[in-house]
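# Tertiary structure, described
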Amino acid sequence: MNLSTNLAAVVENIRRCALQAGRDPEEITLVAATKTQSDDTIRQAIAAGVTVCGENRVQELLAHWEAGAYAGAQVHFIGHLQTNKVKYLMGKVDLIHSVSSQKLLVEIDKQAGKAGLCQDILLEVNLAQEPSKSGFFLPEVWPAAQLAAQLPHVRLRGLMCIPPVAHDSSENLPFFHKMKALAVDIEGKMGDNKADPTILSMGMSNDYPAAIAAGATHIRLGTAIFGPRAPISTPS
Ligand SMILES: *Cc1c(COP(=O)(O)O)cnc(C)c1O
C-alpha cells in the first residue's frame with residue numbers, strides 16, 4: 001500500500017463525485033480516520049496532504065498528541081465518547097463528531113467551561129435505530145439541538161451519522177438523503193443562533209460517493225487511505 005498514491009486517488013475521486021453532484025469540491029473536508037495507525041503513518045499522511053485526523057479512542061489520541069504526530073493538522077474526535085474521558089480532549093480537538101446523548105453534551109459544556117473554551121460539536125444521529133450503535137434517534141435530535149443552543153460552552157456545528165454497513169456505495173443513499181433533510185430542518189429551526197450548524201459528517205470508505213451526492217461536508221475515510229486495518233480488540 002502506498003499512502004500518497006491512495007490519498008491522491010481519493011482526493012481525485014472526491015473532486016469527481018462533487019462535480020458530478022453539481023457541488024464545489026472545496027465544500028468537502030476529508031477526515032482521515034487514523035485509528036490503529038502509528039505516529040509515523042500519521043505524520044506521513046499529513047506530509048502527503050491530510051489536513052484533518054479523526055480519532056476514535058481517547059487513549060490513542062493522547063498518545064499521538066504527546067508524540068506530536070498531529071503537527072500541521074486538525075484533530076477531530078469521531079468515536080464513542082465516555083463522559084469520564086471528555087476532560088482529556090479539551091483544548092486538543094477542533095470538533096467532536098460523535099455527541100450521542102444529552103448527558104455527554106452537558107459534560108462537554110462543563111469541561112469546556114473549565115478549560116475556558118467553546119467546543120464545536122456535532123450530534124450523532126442513529127437514523128436506522130440500530131441497537132448496536134450510539135446516537136440520537138430521530139425525535140431526540142431537535143431537543144438535543146435546543147439543549148446545545150442553551151449551553152454556553154458548546155457550539156452546535158451540525159450532524160453526523162454512521163449508517164448501516166454498505167456493500168456498495170449506493171446502498172446507503174436513502175439514509176444520506178434523510179440525513180441531509182434532517183440537517184436542513186435543524187439548521188432552519190435554529191434560526192439566528194450562535195451556532196452555524198452547516199456540517200454534515202457522513203460517508204466512509206465504502207460509501208462516500210453516495211454521501212457526497214447527498215450533501216456530506218465531511219467524509220471520514222480510513223481504509224481508502226491507509227489500507228485494511230488489523231482487527232481491534234481492546235476497548236477504549
Ligand atoms: C473507522 C471509522 C471510519 C472510517 O472507516 P473506513 O471504512 O475505514 O473508511 C469512519 N468513521 C468512524 C466513526 C470510524 O470509526
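In what follows, the accompanying structure is described. (Residues numbered from 1 in each chain as written. Predicted model: local features only at pLDDT ≥ 70, side-chain atom pairs only at ≥ 80, totals over all residues. Heavy atoms only, no water.)

Another point: empty space enclosed by the protein. Tallied over the entire structure, the rule returns two cavities of 30 Å³ or more. When its volume is computed, the largest cavity comes out at roughly 40 Å³. Along its surface, the largest cavity is lined by Val 125, Asn 126, Leu 127, Ala 128, Glu 130, Ile 162, Pro 163, Pro 164 and Phe 175. Taken together, the residues that form the lining of the largest cavity break down as seven nonpolar, one polar and one charged. (1 Å grid on protein atoms, 1.4 Å probe; cavity = no way out; pocket = protein on both sides within 12 Å on 5 of 7 lines; lining within 4 Å. Points joined across faces, edges and corners; volume = space filled by probe spheres on them. Nonpolar A, V, L, I, M, F, W, Y, C, P; charged D, E, K, R; others polar.)

The next thing to look at is the site of the ligand. Taken together, Ala 33, Lys 35, Asn 56, Ile 78, Ile 162, Met 204, Ser 205, Arg 220, Leu 221, Gly 222, Thr 223 and Arg 229 make up all the residues around the ligand. Taking Ser 205, its side chain carries an N or O atom lying 2.5 Å from an oxygen atom of the ligand. At 2.9 Å, a side-chain N or O of Arg 220 approaches a nitrogen atom of the ligand. Relative to its unbound accessible surface of 380 Å², the ligand loses 90% to contact with the protein. (Near = heavy atom within 4 Å. Polar contact = N/O pair within 3.5 Å; in protein donor to acceptor, adjacent residues only side chain to side chain. Areas by Shrake-Rupley, 256 points an atom, 1.4 Å probe, with all protein chains shown as cover.)

Space inside the largest pocket adds up to approximately 510 Å³. In terms of lining, the largest pocket is formed by 22 residues, of which the most central are Lys 35, Asn 56, Ile 78, Ile 162 and Met 204. Estimates place the volume of the second largest pocket at around 300 Å³. Considering the residues around the second largest pocket, the lining is formed by Leu 7, Val 11, Ile 14, Arg 15, Pro 25, Glu 26, Ile 28, Thr 29, Leu 30, Gly 49, Val 50 and Thr 51. Contributions of two or more residues to the lining of the second largest pocket are made by helix 1 (3-20) and strand 1 (29-33). With four residues, helix 1 is the largest single contributor of residues to the lining of the second largest pocket. A per-class count over the lining of the second largest pocket returns seven nonpolar, three polar and two charged. (Helix = DSSP H or I, 4+ residues; strand = E, 2+ residues; numbered from the N terminus.)

For the rest of this paragraph, the subject is unusual backbone geometry. In this model, Thr 36 sits at a positive phi of 70 degrees, which is unusual for a non-glycine residue. Even without being glycine, Gln 129 reaches a positive phi, approximately 50 degrees. Structurally, the position occupied by Gln 129 is in the loop between strand 5 (119-125) and helix 6 (138-150). Looking at Gln 129, the relative accessible area reads 41%, which means it is partly exposed. (Buried < 20%, exposed > 50% of the residue type's maximum accessible area, 1.4 Å probe, protein only.)

What follows concerns the packing of aromatic side chains. Within the structure shown, the criterion is met by zero aromatic pairs. Of note, Lys 178 hangs over the ring of Phe 175, and the distance from its end group to the ring centre comes to 5.8 Å. (Phe/Tyr/Trp six-rings, centres within 6.5 Å; stacked < 30°, edge-to-face > 60°. Lys NZ or Arg CZ within 6 Å of the ring centre and 35° of its normal.)

Here Thr 41 shows up in helix 2 (residues 39-47). A polar contact is formed between the side chain of Thr 41 and the side chain of Ser 38, at a distance of 2.9 Å. For Thr 41, the contacting residues outside a window of four places in its chain are Leu 3 and Phe 226. (Contact = heavy atoms within 4.5 Å.)

Another aspect to go through is the packing of helix 6 against helix 7 (residues 173-190). Where helix 6 contacts helix 7, the two axes come as close as 11 Å, and the packing angle between them is 35 degrees. Helix 7 is crossed by helix 6, and the crossing has right-handed handedness. Here Leu 138, Val 141, Trp 142, Ala 145 and Ala 149 of helix 6 lie close against helix 7, whose contacting residues are Leu 182, Ile 186, Lys 189 and Met 190. Looking at the contact of helix 6 with helix 7 residue by residue, the class counts come to eight nonpolar, no polar and one charged. (Axes fitted to C-alpha atoms, helices over the stretch in contact; angles between N-to-C directions. Left-handed = near helix turned anticlockwise from the far one by under 90°.)

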